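Structure assessment
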Amino acid sequence: MSTATSAPPMIKATAVNKYFGDLHVLRDINLEVPRGQVVVVLGPSGSGKSTLCRAINRLEPINDGAIEIDGKPLPEEGKTLAALRADVGMVFQQFNLFAHKTILENVTLAPRKVRKINAEEARKTAMELLDRVGIANQSEKYPAQLSGGQQQRAAIARALAMRPKVMLFDEPTSALDPEMVQEVLDTMTGLAEEGMTMLVVTHEMGFARRAAHRVIFMSDGEIVEDEAPEAFFTKPKSERAKDFLGKIL
Ligand code: ADP
Ligand code: MG
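Just so you know, these numbers come straight off a predicted model, no measurement behind them.

Attention now moves to the site of ligand 1. For ligand 1, the full set of nearby residues is Phe-20, Leu-23, Val-25, Pro-44, Ser-45, Gly-46, Ser-47, Gly-48, Lys-49, Ser-50 and Thr-51. Backbone polar atom of Gly-48 to an oxygen atom of ligand 1: 3.0 Å apart, as the coordinates give it. Alone, ligand 1 offers 560 Å² of accessible surface; in the complex the protein occludes 58% of this. For the shell around ligand 1, the secondary structure elements donating two or more residues are β2 (23-33) and α1 (49-56). Examining the composition of the shell around ligand 1, we find that three residues originate from one element, α1, more than from any other. Looking at side-chain class alone, the shell around ligand 1 contains four nonpolar, six polar and one charged residues.

Now the structure itself:
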């Protein structure tokens, strides 16, 4: 028998169900993501990918089931939720940067307010992160002065500034001009190589093949396949996945 201590999964969803009115958008979702794993979530539009991400950091309440982050259940509301949500960084298709704050201010805001980090420390960390995503020289600019790719990298730095345990990406490159997609994917690949636990909704199959340890395919609110990337792309099991891959590849 193994004597290794087993760490809890970073993300654990158990029998999660979610409705919007009569619409059953998450159907009995069971998912465990171990520490350091990169999971790419694929599926047609409307299959529940965004709702799953939003449920994982409680932007969206669930109707039943349970979600745990690093062994701790997500509470319904209140202070503990703010702290737990801070453990889960999220990057959206639309960068959602604060337009009237500089890039540096965008990155230091939440650590100062939520993590109560002092100004100097927050600034130092923010500059390190901006350097890591390759835009330290843009720190005094406002979001509108940056390209889409730079804004999305700023959004990644902002999420990382909270020192999250998990990063969720919901179609982070879908709103970008094609020439800016790669710089954002490269930033994400770097993060994956450093061991960040990541759940990534994306249509970038190159990223999925290269960076993902695992591919989850969703359809109509269900996880239909859960495979290693190579197996999924070469031998999808379900008709729904075959149909989906036929359309995008
Ligand atoms: P995906 O990200 O895979 O495209 P979503 O999670 O955004 O799918 O949506 C899943 C389903 O839930 C879709 O049918 C969508 O129209 C519906 N939906 C999403 N958000 C809401 C909402 N706030 N109110 C009602 N229906 C919603
Ligand atoms: Mg979506």
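In this structure, the largest pocket spans a volume of roughly 610 Å³. Forming the walls of the largest pocket are 23 residues, and the residues nearest its centre are Val-88, Met-90, Ala-110, Arg-158 and Met-162. Within the residue set of the lining of the largest pocket, elements represented by two or more residues are α2 (79-86), β6 (88-91), α3 (103-113) and α5 (148-160). Split by residue class, the lining of the largest pocket holds 16 nonpolar, four polar and three charged.

Counting residues in hydrophobic clusters, the biggest one holds 47 residues, and the most contacted among them are Leu-42, Ile-156, Met-167, Phe-169, Met-188 and Met-198. If you tally residues by element for this core, the top one is helix α6 (residues 178-193), at seven residues. Excluding anything up to four places from it in sequence, Phe-169 contacts Val-91, Ile-156, Met-188, Leu-191, Met-198, Leu-199, Val-200 and Val-201. Leu-52, Ile-67, Val-88 and Val-166 belong to the second largest nonpolar core, which has 26 residues in total.

In a beta sheet, neighbouring strands pair by backbone hydrogen bonds and run either parallel or antiparallel. If you walk across this open sheet you meet the four strands as β2-β1-β4-β5, and the pairing is antiparallel. Either end of the sheet is taken by a strand with one partner, and the two such strands are β2 and β5 (72-73). Strands in contact with α1 are β1 (11-20), β2 and β4 (64-69); relative to β2, the strand with the most contacts, it is inclined by about 60°.

Before going further, it helps to spend a moment on the sheet that holds strand β8 (residues 197-201). If you walk across this open sheet you meet the six strands as β6-β7-β8-β3-β9-β10, and the pairing is mixed. Looking at strand neighbours, the two that pair on one side only are β6 and β10 (222-227), the edges of this open sheet. Here the strands of the sheet are splayed against their neighbours by 20° on average, with no regard to which way each runs. Where strand β9 (residues 214-219) meets β10, five bridges bridge the pair, whose relative direction is antiparallel. Each bridged residue has a counterpart across the sheet, and for Ile-216 the counterpart in β10 is Asp-226. Sheet strands touched by α5: β6 and β7 (166-170). Its angle to β6, the strand with the most contacts, is close to 170°. Sheet strands touched by helix α9 (residues 239-248): β3 (38-42), β9 and β10. Its angle to β9, the strand with the most contacts, is close to 100°.

Analysis parameters
Throughout this description, residue numbers start from 1 for each chain and increase along the sequence as written. Chains and ligands are labelled sequentially in the order written, the chains with letters from A and the ligands with numbers from 1. In keeping with the model being predicted, local features are shown solely for residues with a pLDDT of at least 70 and side-chain atom pairs are shown and tallied solely at 80 or more, while totals for entire chains, interfaces and linings include all residues. Calculation of side-chain values draws on the structure's entire complement of heavy atoms; hydrogens and water are dropped beforehand. A cutoff of 4 Å decides nearness: a residue is near a molecule or strand if any of its heavy atoms lies inside that distance of it. Between N or O atoms, a polar contact is any pair within 3.5 Å; within protein, one atom must be a potential hydrogen donor and the other a potential acceptor, and residues adjacent in sequence are included only when both atoms are from side chains. Per-residue accessibility takes into account occlusion by the displayed protein chains alone, with areas from the Shrake-Rupley method and a 1.4 Å probe. Here a helix means four or more residues in a row that DSSP labels H or I, a strand means two or more in a row labelled E, and each is numbered from the N terminus. Residue polarity is assigned by list, with Asp, Glu, Lys and Arg as charged and Ala, Val, Leu, Ile, Met, Phe, Trp, Tyr, Cys and Pro as nonpolar; anything else, Gly included, falls into the polar class. Any residue with an atom within 4 Å of a point lines the site, the site being either a cavity, points on a 1 Å grid over the protein atoms alone where a 1.4 Å probe fits but cannot get out, or a pocket, an open set with protein on both sides within 12 Å along at least 5 of 7 lines. Grid points are joined across faces, edges and corners, and a volume is the space filled by probe spheres set on the points. Buried Ala, Val, Leu, Ile, Met, Phe, Trp, Tyr and Cys residues form a nonpolar core when they are joined through side-chain atoms within 4.5 Å. Throughout, exposure labels follow a simple rule: accessible area from a 1.4 Å probe, protein chains only, divided by the maximum for the residue type, with under 20% read as buried, over 50% as exposed, and the rest as partly exposed. Only heavy atoms enter the contact rule, under which two residues are in contact if any of them lie within 4.5 Å. Any two strands with at least two DSSP-identified bridges between them are counted as paired. Whenever a helix is involved, its axis is fitted only over the stretch in contact; in every case the axis is a line through C-alpha atoms, and angles between N-to-C directions fall within 0 to 180 degrees.

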